[in-house]
Amino acid sequence: AQSVTQLGSHVSVSEGALVLLRCNYSSSVPPYLFWYVQYPNQGLQLLLKYTTGATLVKGINGFEAEFKKSETSFHLTKPSAHMSDAAEYFCAVSDRDYKLSFGAGTTVTVRA
Amino acid sequence: GAVVSQHPSWVICKSGTSVKIECRSLDFQATTMFWYRQFPKQSLMLMATSNEGSKATYEQGVEKDKFLINHASLTLSTLTVTSAHPEDSSFYICSARDSGRLGYEQYFGPGTRLTVT
């Protein structure tokens, strides 16, 4: 069974500062990992994904994440936060049945 | 590309009535769709996997007689909440896999806000 732990339910950053969202997973098989963003009252938008190959994955809106197997982590970063980055972020892991297991989510607020 | 729509975007119904939510893949075919439920300030919980032409697979604890799922075509899955009660009020989100692509990515609809009074 797969599971995801997101450390920190709420992250507050200043505009222009580094955004770091932590995600650790457990999986009995090589994982497929995803980061999604959700704006209020909307569905989820894919930021980036890791399946195979390069462990540093670049996504949309300047986000990137690094898959570290030894640490079972898939942390999400963005060098410089923008006000539009304020949202809910979910890390997810997929099993071989295509089901996604989501973390609890991290709310990002950006201070002007 | 890879757009998923849901209808309605929000619905209010009276306790005891049924409500149907549609999930459509607009520009791809989806043999597999998923239905999630999300309570305020919480994560998404998978309710069921909808398979075109066959019965849905429900997650443990989800009442299949209450949440009826029909995946009658490669672009449409419906979720019917039967005999709705106030505790069924929630945000329901569907997602779909593109049958023409390899990979595990799911494309999400915008969600449906259900309020049962």
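For the structure itself, look to the data block above.
Thresholds applied
- Residues numbered from 1 in each chain as written.
- Chains lettered and ligands numbered in written order.
- Predicted model: local features only at pLDDT ≥ 70, side-chain atom pairs only at ≥ 80, totals over all residues.
- Heavy atoms only, no water.
- Buried < 20%, exposed > 50% of the residue type's maximum accessible area, 1.4 Å probe, protein only.
- Helix = DSSP H or I, 4+ residues; strand = E, 2+ residues; numbered from the N terminus.
- Pairing = 2+ DSSP bridges.
- Polar contact = N/O pair within 3.5 Å; in protein donor to acceptor, adjacent residues only side chain to side chain.
- Contact = heavy atoms within 4.5 Å.
- Disulfide = S-S within 2.5 Å.
- Salt bridge = Lys/Arg side-chain N within 4 Å of Asp/Glu carboxyl O.
- 1 Å grid on protein atoms, 1.4 Å probe; cavity = no way out; pocket = protein on both sides within 12 Å on 5 of 7 lines; lining within 4 Å.
- Points joined across faces, edges and corners; volume = space filled by probe spheres on them.
- Nonpolar A, V, L, I, M, F, W, Y, C, P; charged D, E, K, R; others polar.
- Axes fitted to C-alpha atoms, helices over the stretch in contact; angles between N-to-C directions.
- Phe/Tyr/Trp six-rings, centres within 6.5 Å; stacked < 30°, edge-to-face > 60°.
- Lys NZ or Arg CZ within 6 Å of the ring centre and 35° of its normal.

**Q** Please give an account of the pairing of strand 7 (residues 64-68) of chain A that cites residues and values.
**A** Residue and element names in this part refer to chain A. Here strand 7 shows a clear split, with Ala 65 and Phe 67 buried on one side and none of Glu 64, Glu 66 and Lys 68 buried on the other. Bridge analysis of strand 6 (residues 56-58) against strand 7 gives 3 bridges, and the strand direction is antiparallel. Across the sheet, the residue bridging to Lys 58 is Glu 64, located in strand 7. Once strand 6 ends, the chain turns through 5 residues before running back antiparallel as strand 7, passing Asn 61 with a positive phi of about 60°. Note that strand 7 and strand 8 (residues 73-78) share 5 bridges and pair antiparallel. If you follow Ala 65 over to strand 8, its bridge partner there is Leu 76. Here strand 7 hands over to strand 8 after 4 residues, with Thr 72 in that stretch at a positive phi of 45°.

**Q** Help me get a handle on the side chain of Ser 90 of chain B, residues and values and all.
**A** Residues and elements named next belong to chain B. Tracing the backbone through its elements, the reader meets Ser 90 in strand 9 (residues 90-96). Of the polar contacts made by the side chain of Ser 90, one reaches the backbone oxygen of Gln 38; its length is 3.0 Å. Ignoring sequence-local partners within four residues, the contact set of Ser 90 consists of Arg 37, Gln 38, Phe 39, Thr 112, Arg 113 and Leu 114.

**Q** Could you give an account of the state of the cysteines, with specific residues and numbers?
**A** All names here are of chain B. Within the structure shown, the criterion is met by 2 disulfides over all chains. The residue that forms a disulfide with Cys 23 is Cys 94, at a sulfur-sulfur distance of 2.0 Å. An S-S torsion of about 80° defines the bridge between Cys 23 and Cys 94 as right-handed. Separated by 71 residues along the polypeptide, Cys 23 in strand 3 (residues 19-25) and Cys 94 in strand 9 bring together distant segments of the chain. An identical accessibility class is assigned to Cys 23 and Cys 94; each is buried. Among the cysteines around Cys 13, which has no disulfide bond, Cys 94 carries the closest sulfur, lying 18 Å off.

**Q** Explain the pattern of salt bridges residue by residue, including any values.
**A** Here the structure, examined in full by the defined rule, presents 6 salt bridges over all chains. For Lys 49 of chain A, the salt bridge goes to Glu 105 of chain B, with nearest N and O atoms at 2.6 Å. Here Lys 49 of chain A, found in strand 5 (residues 44-50), pairs with Glu 105 of chain B, found in the loop between strand 9 and strand 10 (107-108), and the two come from separate chains. Exposure remark for Glu 105 of chain B: the relative accessible area of 15% places this residue in the buried category.

**Q** Quick rundown of the layout of surface pockets? Include the residues and the values.
**A** The computed volume of the largest pocket comes to approximately 370 Å³. The wall of the largest pocket is formed by 15 residues, among which Gln 38, Pro 40 and Asn 41 of chain A together with Gln 38 and Lys 41 of chain B lie closest to the centre. It is strand 9 (residues 87-94) of chain A that contributes the most residues to the lining of the largest pocket, 3 residues altogether. Quantified by volume, the second largest pocket comes out at close to 300 Å³. Forming the boundary of the second largest pocket are Ala 1, Gln 2, Asp 95, Lys 99, Leu 100, Ser 101 and Phe 102 of chain A together with Leu 44, Met 45, Leu 46 and Glu 59 of chain B. Looking at the lining of the second largest pocket, the elements that each hand over two or more residues are strand 10 (100-102) of chain A together with strand 5 (44-51) of chain B. When its residues are assigned to classes, the lining of the second largest pocket shows 6 nonpolar, 2 polar and 3 charged.

**Q** How would you summarise the sheet that holds strand 8 (residues 76-81) of chain B if you had to cite specific residues and measurements?
**A** All names here are of chain B. Sheet architecture is open: 4 strands sit in the order 1-3-8-7, paired in antiparallel fashion. Both outer strands of the open sheet, strand 1 (4-7) and strand 7 (67-73), are each paired with one neighbouring strand and no more. In this sheet, neighbouring strand axes are inclined to one another by 15° on average, regardless of whether the strands run parallel or antiparallel. Looking at chain direction, strand 1 and strand 3 are connected through 4 bridges and run antiparallel. What sits directly across from Gln 6, in strand 3, is Cys 23.

**Q** Now, about the packing of aromatic side chains: what can you tell me, with residues and values included?
**A** For the structure shown, the criterion picks out 12 aromatic pairs over all chains. Ring plane angle 20° and centroid distance 4.3 Å describe the contact between Tyr 50 of chain A and Phe 67 of chain A, whose orientation is recorded as stacked. With Tyr 50 of chain A in strand 5 and Phe 67 of chain A in strand 7, this pair connects stretches of sequence that are 17 residues apart. Assigned by exposure class, Tyr 50 of chain A and Phe 67 of chain A land together as buried. Each residue in the set Phe 34, Tyr 36, Phe 90 and Phe 102 of chain A together with Tyr 36 and Phe 108 of chain B is aromatic and connected to the rest through ring pairs, giving one cluster. Over the face of the ring belonging to Tyr 98 of chain A we find Arg 97 of chain B, whose NZ or CZ atom lies 3.7 Å from the ring centre.

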